[in-house]
Amino acid sequence: AASACPPPLVKPVEPFDLASYLGEWYVQAQAPNSYQPVNTLYCVKATYSLEDGATTPQRIRVNNQARTGSVTGPSRGGLPGNNDAFLQAIVRGNNKGELAVGPRFLPDFLKGPYWIVHYDSDAGEAIITGGAPTQ
């Protein structure tokens, strides 16, 4: 029998508590991609914080940092406390872990999917995927 794509269990978590998700996250494993080759994936950290002001959709400042070449290599990405983070996330799903992320200058419809498919706030763990798998 052919398998369904996306598999039924690969979907954003519901319910999702955005407030508890905000803060610092350290990447444990990440697939390299065109804008993040493997030599830039050392000590990757992402910091999420709400944008100032009430907006619809809700907007989140995304500040990514990493080291290049090794764990002691030069730092790349945002700086702690930088309110001018390059990336921005928008909340796509009401009360579920469905966001879209991209450079803040892009219109919202061009931002890419960012799904939280597993989240345990007590354990401090999450699994993120770039939307539903296509293969």
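Criteria and thresholds
- Residues numbered from 1 in each chain as written.
- Predicted model: local features only at pLDDT ≥ 70, side-chain atom pairs only at ≥ 80, totals over all residues.
- Heavy atoms only, no water.
- Pairing = 2+ DSSP bridges.
- Helix = DSSP H or I, 4+ residues; strand = E, 2+ residues; numbered from the N terminus.
- pLDDT = per-residue confidence, 0-100.
- Buried < 20%, exposed > 50% of the residue type's maximum accessible area, 1.4 Å probe, protein only.

Colleague: Explanation requested: the pairing of strand β7 (residues 112-120) in the structure shown.
Modeller: Within a regular beta strand, the side chains point alternately toward one face of the sheet and then the other, so they alternate between its two faces. Pairing analysis gives 4 bridges linking strand β6 (residues 98-103) to β7, with the strands arranged antiparallel. Paired with V101 across the bridge in β7 is G112. Sheet analysis places β7 next to strand β8 (residues 125-129), joined by 5 bridges and oriented antiparallel. Among the inter-strand pairings, I116 is bridged to a residue of β8, identified as I128. Taken together, β7 and the strand that follows it, β8, pair antiparallel across an intervening segment of 4 residues, in which G124 is found at a positive phi of about 70°.

Colleague: Looking at this model, I keep getting lost on the confidence of the model for the protein chain. Mind explaining?
Modeller: Mean pLDDT for the protein chain: 85, with 88% of residues reaching 70 or above. Per-element mean pLDDT across the protein chain ranges from 83 in strand β4 (residues 75-77) up to 94 in helix α1 (residues 18-21).

Colleague: It is not clear to me how unusual backbone geometry should be interpreted in this structure. Could you clarify?
Modeller: When glycine is set aside, most residues are seen to have a negative phi, and most peptide bonds are trans. Residue P15 is reached from E14 by a cis peptide bond, and omega for that bond is -10°. Here P15 shows up in the segment before α1. Non-glycine residue C43 carries a positive phi angle of around 55°. The residue C43 is located in strand β2 (residues 42-50) in this model. Looking at C43, the relative accessible area reads 44%, which means it is partly exposed. Positive phi is not limited to glycine here, since N95 has a value of about 65°. Take N95: it is sitting in the loop between β5 (87-91) and β6.

Colleague: How do you make sense of the pairing of β6 when you look at a structure like this?
Modeller: For β6, the buried fraction is high: 5 of the 6 residues fall into the buried class. Of the pairings in the sheet, the one linking β5 to β6 comprises 5 bridges and is antiparallel in character. Within β6, the position partnered with L87 by the bridge is P103. Connecting the antiparallel pair β5 and β6 is a turn made up of 6 residues, with N95 showing a positive phi of about 65°.

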